[in-house]
Amino acid sequence: METKEFNLGNLENETSNDMFLVFTIEQQNYAIEIEYVTEIIEVLPIVRVPNLPACLKGVVNIRGAVIPVMDARLRFGLEEREHDERTCIIVIESDNIALGLIVDSVKEVLTISEEDRMLPPTGLKNAQSRYTKGVGRMGEAITLLLDCGRLMDIAQE
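A few points on the structure. (Residues numbered from 1 in each chain as written. Predicted model: local features only at pLDDT ≥ 70, side-chain atom pairs only at ≥ 80, totals over all residues. Heavy atoms only, no water.)

Examining the overall build of the chain
A count of helices and strands for the chain gives 2 helices and 11 strands. By the burial criterion, 44% of the 157 residues in the chain qualify as buried. Pairs at least 24 residues apart make up 56% of the contacts formed inside the chain by residues separated by at least 6 positions. Carbon and sulfur atoms make up 47% of the accessible area of the chain, which totals about 8,900 Å². (Helix = DSSP H or I, 4+ residues; strand = E, 2+ residues; numbered from the N terminus. Buried < 20%, exposed > 50% of the residue type's maximum accessible area, 1.4 Å probe, protein only. Contact = heavy atoms within 4.5 Å. Areas by Shrake-Rupley, 256 points an atom, 1.4 Å probe, with all protein chains shown as cover.)

So, in structure tokens, the structure goes:
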């Protein structure tokens, strides 16, 4: 299977904390700071590994590196769905640990200024809010800003 990679442009040199990769799950926009994003690829064959938490689908081989893969839908307590041509894996890295995150689709890279970010509303207790560190406003649209560390922490499962 040929690997289709999305071009992140010259973002590797971008030092702004305001840059976020926006992706969708169930028509909801989510964003993760671009500094954690290594690459975006099509869904590769996943090798199942026994006794993993349900949200971890297994591992993939990306140019010789074996990376665990998490289904974001399952991590957020949503139903699993068939992959389509828009489904992709966002490879993220934090503290030298890489993880592939399966998402419904990737939208764009956006600048979300500090003025357009706020803490998540209090009183929300669900699987998604556990991994949310803020809310970004872009006009009328709301994007949930994810905490990469919490998202990757399987001990929270």
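What about the sheet that holds strand β9 (residues 117-118)?
Reading across from one edge, β8-β1-β2-β11-β10-β9 is the order of the 6 strands in this open sheet, with mixed pairing throughout. Bordering the open sheet on either side are β8 (105-111) and β9, each of which pairs with just one other strand. (Pairing = 2+ DSSP bridges.)

Some words on the pairing of strand β11 (residues 141-146)
Direction of pairing for strand β2 (residues 28-33) relative to β11: parallel, over a ladder of 3 bridges. Note on β11: the bridge partner recorded for N29 is T143. Where strand β10 (residues 132-138) lies against β11, 6 bridges are found, and the strand directions are antiparallel. Each residue of the ladder has a partner; that of V135, found in β11, is L144. Hairpin connection from β10 to β11: 2 residues lie between these consecutive antiparallel strands, with G139 at a positive phi of about 65 degrees.

Regarding the sheet that holds strand β3 (residues 37-42)
Spatially, 5 strands are ordered β3-β6-β7-β5-β4 in an open sheet, and the strand pairing comes out mixed. Each having just a single partner strand, β3 and β4 (56-62) make up the two edges of the open sheet. On average, adjacent strands in this sheet sit at an angle of 30 degrees to one another, irrespective of strand direction. (Axes fitted to C-alpha atoms, helices over the stretch in contact; angles between N-to-C directions.)

Quick notes on the nonpolar core
By size, the foremost hydrophobic cluster in this structure holds 28 residues, and its most contacted members are F23, I90, I92 and V103. For this core, the secondary-structure elements that each account for two or more residues are β1 (19-25), β2, β3, β6 (88-94), β7 (97-103), β11 and α2 (148-152). Considering each element in turn, this core owes the most residues, 4 residues, to β1. Other than its neighbours up to four places away in sequence, F23 contacts Q28, N29, Y30, A31, I32, I90, L101, V103, S105, V106, K107 and L146. Ranked by size, the runner-up nonpolar core spans 10 residues in total, among them I41, V43, I62 and V91. (Core = buried A, V, L, I, M, F, W, Y, C linked by side-chain atoms within 4.5 Å.)

So yeah, pure geometry; function would need other evidence.
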